[in-house]
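Commentary on secondary and tertiary structure
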Amino acid sequence: MPAVTVEDVLELPQIDVAIDARPRPVVSVTTAPSGFEGEGFPVRRAFAGVDLAALDPFVHMDQMGEVEYAPGEPKGTSWHPHRGFETVTYIIDGTFQHRDSHGGGGLITNGDTQWMTAGGGILHIERPPEDMVAAGGLFHGIQLWVNLPAAQKWVEPRYQDIRAGEVTLVRSPDGGAMARIIAGDVAGHAGPGITYTPIAMAHVTLSPAARFELPWDPAFNALAYVLAGKGRVGAEGAPIRTGQLAVFGAGDTLVLEADQTQDGHTPSLEVLLLGGRPIGEPVAAYGPFVMNTRAELQQAFEDFQRGRMGVIPD
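Read on for a plain summary of the structure.

Reading guide: rules and limits
- Residues numbered from 1 in each chain as written.
- Predicted model: local features only at pLDDT ≥ 70, side-chain atom pairs only at ≥ 80, totals over all residues.
- Heavy atoms only, no water.
- Helix = DSSP H or I, 4+ residues; strand = E, 2+ residues; numbered from the N terminus.
- Rg over C-alpha atoms; globule rule 2.2 N^0.38 Å.
- Buried < 20%, exposed > 50% of the residue type's maximum accessible area, 1.4 Å probe, protein only.
- Contact = heavy atoms within 4.5 Å.
- Lys, Arg positive; Asp, Glu negative; His and termini not counted.
- Charge placed at Lys NZ, Arg CZ, Asp CG, Glu CD.
- 1 Å grid on protein atoms, 1.4 Å probe; cavity = no way out; pocket = protein on both sides within 12 Å on 5 of 7 lines; lining within 4 Å.
- Points joined across faces, edges and corners; volume = space filled by probe spheres on them.
- Nonpolar A, V, L, I, M, F, W, Y, C, P; charged D, E, K, R; others polar.

1. Looking at the overall build of the protein
Along the protein, the regular secondary structure elements total three helices and 26 strands. For 314 residues, the compact-globule estimate of 2.2 N^0.38 gives 20 Å, and the protein sits close to it at 19 Å. By principal-axis analysis of the C-alpha atoms, the protein measures approximately 55 × 45 × 35 Å. Within the protein, the fraction of its 314 residues that count as buried is 54%. In the protein, of all internal contacts separated by at least 6 residues, the share reaching a separation of at least 24 is 74%. Charged side chains of the protein number 21 positive and 38 negative; the gap between the two group centres comes to 6 Å.

Below is the structure:
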């Protein structure tokens with residue numbers, strides 16, 4: 001799980017917390033069920049069983065893999081539409097290729113992120129490149145859906161190509177943990193992702209027995225999803241492991257701790273932190289569309305069927 005690493009963690013900016021900061025408690029821990037997406041690649045449904053109000057402004061997240069593909073096995077998606085939200089694809093291991101009907105696209109690999117604002121409507125495709133299909137290999141990533149408020153659901157589509165070297169890196173005081181800030185602000189350190197909805201997104205790696213306490217905007221909700229490893233989270237140290245999501249309550253900081261013993265496959269605790277300012281609007285979501293009303297959903301399907309969301313490029 002390389003993502004972004006550095007030779008000397010202690011050279012990174014240090015994150016400190018106020019003495020009177022209140023660690024957030026854990027409201028729930030849920031386990032993501034496994035399934036398949038697109039043409040048949042394995043995923044964990046990270047938000048399954050969690051109340052949408054606790055997730056707002058996020059609506060869906062899949063952990064793609066971790067899987068070691070044999071030659072000929074890598075799979076992706078076919079061309080499909082989106083409207084009303086943003087898709088964020090973060091690749092930890094392996095390579096993924098994106099194209100869309102608005103001219104966006106590119107190849108992302110270890111630690112890269114593609115941020116696609118579907119807005120009023122777009123067609124796109126995501127798949128492994130031909131060389132990976134032929135050779136197989138390790139694949140692991142995340143796709144997150146970020147809702148757009150009603151006033152911005154019809155914005156022009158936009159594509160952001162965020163390279164691994166552009167993310168903001170910070171560390172715990174003792175250097176036992178490192179965070180890669182992909183978007184938003186964490187303790188005054190901003191990630192490169194540009195968002196319509198105010199959010200924060202960071203990938204944290206904790207060495208065995210390491211502890212990391214990060215300031216978190218009190219106006220944001222807070223979620224921690226374990227990509228790999230095992231440890232404890234929250235003010236009370238709730239146990240958590242690979243494929244589990246913790247939802248936090250109110251407070252000023254997020255506390256993460258890695259167990260002393262990790263398995264041989266996972267030397268560290270790897271956690272994706274998410275938070276955002278809740279939009280607080282009705283959500284009508286079905287398939288590839290996230291709108292506010294059922295009528296808007298029906299309009300989205302009609303617009304797609306009539307070719308109003310773009311044309312598949314040659």
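2. Focus on the environment of G111
Of note, G111 is situated in the loop between β8 (105–108) and β9 (113–117). The class of G111 is buried, set by a relative accessible area of 1%. Along the sequence, G111 and R180 sit 69 residues apart, while their C-alpha atoms lie 9.3 Å from each other. In contact with G111, not counting residues within four places along its chain, are A3, V4, Y90, I91, I92, R163 and A164.

3. Digging into the layout of surface pockets
Roughly 460 Å³ of internal volume is contained in the largest pocket. Elements that contribute at least two residues to the lining of the largest pocket include exactly β4 (58–69), β5 (80–82), β10 (122–127), β11 (137–147) and β25 (284–286). For the lining of the largest pocket, the element with the most residues is β4, which contributes four residues. When grouped by side-chain class, the residues that make up the lining of the largest pocket number 11 nonpolar, nine polar and four charged.

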